[in-house]
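Coordinate inspection notes
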Amino acid sequence: MGHDGPQYYRQQDGSGASRMGGRSPQLTLDRVAGHRLGRELALRLWILSSLCWWGLGLPFSHLWWLLNERQTAWVLVCYAWQVPLLGWTGVVLLPWLRWRRILARLGSGDAAALGPLSRFPLTVASLGLATSTIGYAVGALQLRLIAALPMIEVFKIVVQGPVLGALVAVAGYLAAERAVHGLRLEGEWPALVGQGRSGPSLYAKVVSLIVAVFLAVTAPMILLLGANEQRHLERIRGEQLLGHLRELRDGAARIPLGASRLGRSTTIRVVDRGTGTVLAGPQAGRHVRALGIDHAERALGADGGGDEGWFVSRHGEHRVVAYTRLADRAGGTGRVVLAVAALGDDAPELASRQRAAALLGLLTLGLGVALAMAAARSVSHPVERLIAAASAMAGGLREIGTVAMTGGDEVAALAREFDRMARRIRADEQRLVQAERLSAVGRFVSGIAHQVNNPLAAILHFSEQLLASPDLRPGDREALETIQAQAVRSRAIIRDLLAFVRERRETRTPIDLRGLVTDAATTARREAAASGARVSIELPEGLEPVRADRGGLEQVLANLIVNGMEAAGAGGTVVVRVDREADATVIAVEDDGPGIPPEVLPWLFEPFFTTKPHGTGLGLAAAFGIVRQHGGTITAENRAEGRGARFVVRLPRPPDAVPPPIAVPPTVEPAPAEAAPPVAGAGGRTPPMPRTVLLIDDEPSIRAALRRHLERAGWRVDEAADGSEALQKLLAAPPDRYAALVTDLKMPGISGIEVHDRLARERPDLFRRMLVTTGDVASPEVARLLARTDRPVLEKPFELAALDRAIAAVSGGAAAPQA
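Residues numbered from 1 in each chain as written. Predicted model: local features only at pLDDT ≥ 70, side-chain atom pairs only at ≥ 80, totals over all residues. Heavy atoms only, no water.

What to know about the overall build of the protein chain
To keep things clear, this is the line we draw: The way it works is that DSSP assigns letters per residue, a run of H or I at least four long becomes a helix, a run of E at least two long becomes a strand, and they are numbered from the N terminus. Throughout, a residue-residue contact means that at least one pair of heavy atoms, one from each residue, lies within 4.5 Å.
The secondary structure content of the protein chain amounts to 19 helices and 20 strands. Within the protein chain, counting contacts between residues at least 6 apart in sequence, those at least 24 apart form 70% of the total.

Quick look at empty space enclosed by the protein
Under the convention used in this document: A cavity here means a set of points on a 1 Å grid, drawn over the protein atoms and nothing else, where a 1.4 Å probe fits but cannot get out; a pocket is an open set with protein on both sides within 12 Å along at least five of seven lines, and a residue lines either one if it has an atom within 4 Å of a point. Grid points are joined across faces, edges and corners, and a volume is the space filled by probe spheres set on the points. Each residue receives one of three labels: charged for Asp, Glu, Lys and Arg, nonpolar for Ala, Val, Leu, Ile, Met, Phe, Trp, Tyr, Cys and Pro, and polar for the others, Gly being one of them.
Going through the model one piece at a time under the given rule, you end up with 5 cavities of 30 Å³ or more. Looking at the largest cavity, its volume works out to about 200 Å³. Residue lining of the largest cavity: 17 residues in total, with Cys78, Tyr79, Gln82, Gly135 and Tyr136 positioned closest to the centre. Elements with a minimum of two residues in the lining of the largest cavity: helix H2 (69–107) and helix H3 (114–147). Of the residues in the lining of the largest cavity, the class split is 11 nonpolar, 6 polar and no charged.

Things to note about the environment of aspartate 250
Relative to the helices and strands, aspartate 250 is located in the loop between helix H6 (202–249) and strand S3 (259–260). Taking the C-alpha atoms as reference, aspartate 250 lies 9.3 Å from leucine 326; in sequence the two are 76 residues apart.

A look at the sheet that holds strand S16 (residues 692–696)
What counts here: Pairing between two strands requires that DSSP report at least two bridges joining them. Note on geometry: axes are C-alpha line fits, over the in-contact stretch for helices, and angles between N-to-C directions span 0 to 180 degrees.
An order of S17-S16-S18-S19-S20 is seen for the 5 strands of this open sheet, with the pairing classed as parallel. Across the chains shown, the open sheet's two edge strands, defined by having one partner strand only, are strand S17 (716–720) and strand S20 (793–795). Here the strands of the sheet are splayed against their neighbours by 20° on average, with no regard to which way each runs. Summarising the sheet, S16 and S17 pair through 5 bridges and their orientation is parallel. By the bridge assignment for S17, isoleucine 696 is matched with alanine 720.

Side note on the sheet that holds strand S15 (residues 645–652)
Judged by pairing direction, the sheet is mixed, and its 5 strands sit side by side in the order S10-S12-S13-S15-S14 without closing on themselves. Taken across any chain shown, the strands that pair with only one partner, and hence form the sheet edges, are strand S10 (534–538) and strand S14 (633–638). Each neighbouring strand pair of the sheet contributes to a mean axis angle of 15°, computed without reference to strand direction. By the bridge criterion, 5 bridges tie S10 to strand S12 (residues 573–580) in an arrangement that is parallel. Counted as the bridge partner of valine 535 is valine 574 from S12. Helix H11 (residues 513–527) contacts S10, S12 and strand S13 (584–591) of the sheet and is inclined by roughly 175° relative to S10.

What about unusual backbone geometry?
In this structure, the amide linkage connecting lysine 796 to the following residue, proline 797, adopts the cis form with an omega of -15°. Examined against the element boundaries, proline 797 turns out to sit in the loop between S20 and helix H19 (800–811). Even without being a glycine, alanine 148 presents a positive backbone phi close to 50°. Mapped onto the elements, alanine 148 comes out in the loop between H3 and helix H4 (151–182). Although it is not a glycine, glutamine 283 sits at a positive phi angle of roughly 60°. Looking at the secondary structure, you find glutamine 283 in the loop between strand S5 (278–280) and helix H7 (296–300).

Points about the pattern of salt bridges
As a reminder, the rule being used: Salt-bridge detection follows one rule: a side-chain nitrogen of Lys or Arg within 4 Å of a carboxyl oxygen of Asp or Glu. To sort residues, take the accessible area from a 1.4 Å probe on protein chains only and compare it with the maximum for the residue type: under 20% means buried, over 50% means exposed, and anything in between is partly exposed.
Within this structure, the stated rule accounts for 25 salt bridges. Among the ionic pairs, arginine 246 bridges to glutamate 308, the shortest N-O distance being 2.8 Å. Here glutamate 308 lies in strand S6 (residues 308–313) and arginine 246 lies in helix H6, a separation of 62 residues in the sequence. Relative accessible area serves as the criterion here: at 27%, glutamate 308 is assigned to the partly exposed category. Look at the salt bridges and you will find they share partners, linking Glu538, Arg577, Glu590, Glu637, Arg639 and Arg646 into a network.

Describing the packing of aromatic side chains
What counts, and what does not: Each aromatic pair joins two rings of Phe, Tyr and Trp (for Trp, the six-membered one) with centres within 6.5 Å, and gets the label stacked for planes under 30 degrees apart, edge-to-face for over 60, and tilted for any other angle.
For the structure shown, the criterion picks out 6 aromatic pairs. Between tryptophan 54 and tryptophan 88, the aromatic rings sit 5.6 Å apart at their centres with planes inclined by 75°, giving edge-to-face as the arrangement. With tryptophan 54 in helix H1 (residues 31–64) and tryptophan 88 in helix H2, the pair connects residues that are 34 residues apart, well separated along the chain. Judged by relative accessible area, which is 33%, tryptophan 54 ranks as partly exposed. We classify tryptophan 88 as buried; its relative accessible area is 19%. Their ring planes at 45° and their centres at 6.2 Å tell us that phenylalanine 311 and tyrosine 323 sit as a pair that is tilted. Within this pair, whereas phenylalanine 311 is found in strand S6, its partner tyrosine 323 is found in strand S7 (residues 319–325), the two being separated by 12 residues in sequence. The class for phenylalanine 311 is buried, based on a relative accessible area of 3%.

That's the geometry; what it means functionally is another story.
Next up, the structure:
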């Protein structure tokens, strides 16, 4: 694996399918970043282990290890070779190789490597604890065999191994966990790694960390107290032995050559100072060095020792040695009396003295474990509640209990923020569900608008033409007027629906809310005068303007006030109140009517939903769409303080926070344009005005109705059933062929949008005479065209008078030519 730049691996078999449950997840791993993390981890582990074993291990060893010079030298030798060879192999090399192996398996698409990856920190911690424990045990065995280390010191060294190993394990775990968290796993790797709990829980982590710290503190305390007690007992024992030897030297007692009254393992020997030979006592005839006593030369006076004293020998076992020199015989080299007492005689006393220290250490350790469990529980319990709540929400459950608890720490703050997030998600989800329902209705309305508007346009056009006839009988005229009225009503319904589902073309300007609310209330009073309710307006002083579309916002408020007046009834009151919040302007419309039934509240803003006998159910739906387009919200609720309902409109502040709407022009009633000056032809005569209109529409009924109207108005009419036929005629037409082009936008094959764009590029003379009609201004492609075109637009179904004005505008004449 070379480091030749970022490379990614994908987990696939030969067929491209995933090896994990038949799925095909996109699983990627940044190899270079992974190896960099591995090198950084190895460096951290090397530094941590060196600080722990050399920075703490050696100083601690001198505090409670009671060794002679030779043993101390061998300790340094053991550290010198064991830490690099055993320690760094177990703590640095093996984790690094393990990390590389995991990366290789992940890179090859081995999903089973996800388990070792999640357990990797625990693996590093285990290696650290095991390495330290084994390393110190091996070192103690070496010192025992090579330097005759006393067994009590062997025990101390063996104990120090897991104590320091616990610190290495905790530090290594944290370093390895940091590496795992920093590994760049993309696609579905993070979710797959998190499946199941293959590593220790948060509770176990906290307990282990605190117990390791307590162990690292209490174990050295016990060892240090034990070493101090041992030194104290050695001093007492040495002074006792020296006092006994003084009695022997002064003749107050006879020199015993066997066991002394000072202890069953205490022996008295007389040694020749010149030869070092034991003259009397155990091992008589042997040299004093054969006794295995450190500093024996001090007793013989070879190193300048005084005539009497005591010292400690730590060769094989801890022994206290006292000596006194006897008077020289004539011609002799002198003698010395040695009293050697093994510390084993004082083991019960030493144990009793250390029992209190050991008990204190155990109590401290037990207290540390209890505190660790309590601290871990205080952290893990709220986290477990968070996990349970998050899992429930991920599973689709939204009505979950409160997770937050009293407290000021970060976990309590996280729980409170989670509760706030859950409430926000529930509210947003309710709005999203409603928005999705409305969006589905919008797509449905947008899809059928074109299909409904086309036959509706034909009905409206034919009824208009028939009504223009002076020969109609009264009964026929009444029937046609009814047909026309119902067609106009249907057109209004379709337009209201489209106004709800589409983005309106707005002119957002600073609006004085006082004037806006007053005008809306005036309009509402006129429309709902029969209700007998009155309107009250409450406005704060210094109300700042809002940036909005005045027409749309006035329509919303007027609709809400009318609804409130009708609900309040005779003698009732509707209150319009405007308030300011930190991030929104709030307009509330309240009434004192019967209120809104709870079962009705979720459906108020649905199109066609109404509780009125003759209502269309579009007023609140259109209001919802207008407010949503402003980036705001509209909600309905029953008043808590009494009877009645409250509708609240929130408009965001500042205006810059409102997203700009998609610009979609509404129905255009083009004003007559100035007539283009005539161009002189040959001989200075003005060429005749073209008198032909081309109708481009895929609906035969619409073409028939418009042909009938235009021909009666004196135009010649040419037709094209789709964009392909239209382009064939237009691209080959002479400049004076057509005075106006009337094209629909949505047609099979080549659409009116393509006709529009082709003429703009290839026939700008005809493009200037184009008039666009459409029955579906809500579709995205039509909305994009209307946002960029400068051609007049008529929204189907339109009045024939509007068509006449538009044709006059694009053709350069105020009226159609006469036949």
